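Breakdown of the fold
As a plain string of letters, each chain reads:
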Amino acid sequence: MEERLGHVWHEVYPNNGSSPRDAVDQANERLALLCPEAEPCPQQPTAPPAPPDDPADP
């Protein structure tokens, strides 16, 4: 169970293009180009937050 959780944990954080999180981020960037908002968005952090400690890692 711990190993499976570790695999899921790894996929919810960006990892240079191969995680589902990266795919969602890329889709959001493309959507923003197609459908710009009327009002500017508040400044977003340039780097994603660091993932919390991995519970599968002792």
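The structure presented is a predicted model; accordingly, all values stated were derived computationally and were not measured.

**Focus: the pattern of salt bridges**
Evaluated as defined, the whole model comprises one salt bridge. Of the charged contacts, one joins aspartate 25 and arginine 21 as a salt bridge, the two residues approaching to 3.1 Å between their closest N and O atoms. Taken together, the residues aspartate 25 and arginine 21, both in helix 2 (residues 20-34) and four residues apart, mark about one turn of the helix. Judged by relative accessible area, which is 26%, aspartate 25 ranks as partly exposed. With a relative accessible area of 32%, arginine 21 lands in the partly exposed category.

**Here's the deal with a nonpolar patch on the surface**
A contiguous nonpolar patch, built from Leu5, Val8 and Val12 and spanning about 240 Å² of accessible area, is present on the exposed surface. For valine 12, the location among the structural elements is in the loop between helix 1 (2-11) and helix 2. Judged by its relative accessible area of 42%, valine 12 falls in the partly exposed class.

What counts and how
- Residues numbered from 1 in each chain as written.
- Predicted model: local features only at pLDDT ≥ 70, side-chain atom pairs only at ≥ 80, totals over all residues.
- Heavy atoms only, no water.
- Salt bridge = Lys/Arg side-chain N within 4 Å of Asp/Glu carboxyl O.
- Helix = DSSP H or I, 4+ residues; strand = E, 2+ residues; numbered from the N terminus.
- Buried < 20%, exposed > 50% of the residue type's maximum accessible area, 1.4 Å probe, protein only.
- Patch = residues over 30% accessible without salt bridge, like charges linked within 9 Å, V, L, I, M, F, W, Y side chains within 5 Å.
- Areas by Shrake-Rupley, 256 points an atom, 1.4 Å probe, with all protein chains shown as cover.

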